[in-house]
Amino acid sequence: MEALQRQNKRRQNLRRGVIVLIVAIVVIGSAALFFQKSTPATVTIPTSSTTTTAKCVPSGIDLKPTTVFAAVASPQAAGTYGKAPTIVVPTTPAPKVMQVTDLIKGTGAVAKVCSTLTMQYVLADYATHKVLQSSWTSSSFSFTIGEQQVIPGWDEGILGMKAGGRRELVIPPALAYGVAGQPGSIAKNDTLIFIVDLLKVN
């Protein structure tokens, strides 16, 4: 009889242990579920493989929209915007400083530092009186002001120009190709004359 009672007690204890274990599992599982819902998971965001557009980094030239240049001593005929202009090189000595004159004033967007411009141009050599290049015979030309993509005379001389305009630039060697020139086309210490049309400002 005592043995039977002990056996029954053991069974009851075993049942209680099982019940306690089940309750503990349920409680722990519920707590884990609760914390899983309430605690946000850590998310690793991969670094984007796409690069942002690099900011324009102006060159060492001090580009100021308020810079005032001497007017072209003998400006060219204005011609017609959108049609190739004619350059007549003066017979007078080349100027020592940059000269800039608007032949046709534009009414569109203004060319500023870091603007990307679309241009047409004709280039003549002051020394030989020859036309050296013309984008009108091929295609328009694009560049960004201040990124040293062109000679300094363009970076400085086109600043402030408006789309729809035509401008004449007389550029001394220091702001053109200097003592090096461009072998085969531009002699060393050459002064250059450009007539440029500003087609678009981005």
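Residues numbered from 1 in each chain as written. Predicted model: local features only at pLDDT ≥ 70, side-chain atom pairs only at ≥ 80, totals over all residues. Heavy atoms only, no water.

With that out of the way, let us pick up the side chain of Gln120. The topology assignment puts Gln120 in strand E2 (residues 116-125). For Gln120, the side chain forms a polar contact with the side chain of Ser135, separated by 2.5 Å. (Helix = DSSP H or I, 4+ residues; strand = E, 2+ residues; numbered from the N terminus. Polar contact = N/O pair within 3.5 Å; in protein donor to acceptor, adjacent residues only side chain to side chain.)

The next point concerns the pattern of salt bridges. Tallied over the entire structure, the rule returns 2 salt bridges. When the shortest N-O distance is used, the salt bridge between Arg166 and Asp197 registers 2.6 Å. With a gap of 31 residues between them, Arg166 in strand E5 (residues 166-171) and Asp197 in strand E6 (residues 192-201) connect regions that are remote in the sequence. Comparing Arg166 with Asp197, the two get one shared label, buried. (Salt bridge = Lys/Arg side-chain N within 4 Å of Asp/Glu carboxyl O. Buried < 20%, exposed > 50% of the residue type's maximum accessible area, 1.4 Å probe, protein only.)

Here the focus is the environment of Ser138. Along the chain, the position of Ser138 falls in the loop between strand E3 (131-134) and strand E4 (141-144). As a C-alpha pair, Ser138 and Gln120 span 18 residues in sequence and 9.7 Å in three-dimensional space.

Note: E2 against E3, 3 bridges, orientation antiparallel. Paired with Leu123 across the two strands is Gln133, which belongs to E3. Between E2 and E3, which pair antiparallel one after the other, the connecting turn spans 5 residues, and His129 there sits at a positive phi close to 65 degrees. (Pairing = 2+ DSSP bridges.)

Here we come to the packing of aromatic side chains. For the structure shown, the criterion picks out 7 aromatic pairs. Ring plane angle 85 degrees and centroid distance 5.6 Å describe the contact between Tyr121 and Trp154, whose orientation is recorded as edge-to-face. Of this pair, Tyr121 sits in strand E2 while Trp154 sits in helix H2 (residues 152-157), and the two are 33 residues apart along the sequence. Of the two residues, Tyr121 and Trp154, neither departs from the other in class, the shared state being buried. Between Phe141 and Phe143 the ring centres are 6.0 Å apart and the planes differ by 20 degrees, which places this aromatic pair in the stacked class. (Phe/Tyr/Trp six-rings, centres within 6.5 Å; stacked < 30°, edge-to-face > 60°.)

Moving on, we come to the nonpolar core. Formed by 26 residues in total, the largest nonpolar core has its most connected members in Leu117, Met119, Trp154, Ile158, Ile171 and Phe194. By residue number, the principal contributor to this core is E6, which donates 5 residues. When sequence neighbours within four positions are dropped, the list of residues in contact with Ile158 reads Ala111, Leu117, Met119, Phe143, Gly153, Arg167, Leu169 and Val196. One finds Leu103, Val122, Tyr126 and Ile195 within the second-largest nonpolar core, a separate group that totals 10 residues. (Core = buried A, V, L, I, M, F, W, Y, C linked by side-chain atoms within 4.5 Å. Contact = heavy atoms within 4.5 Å.)

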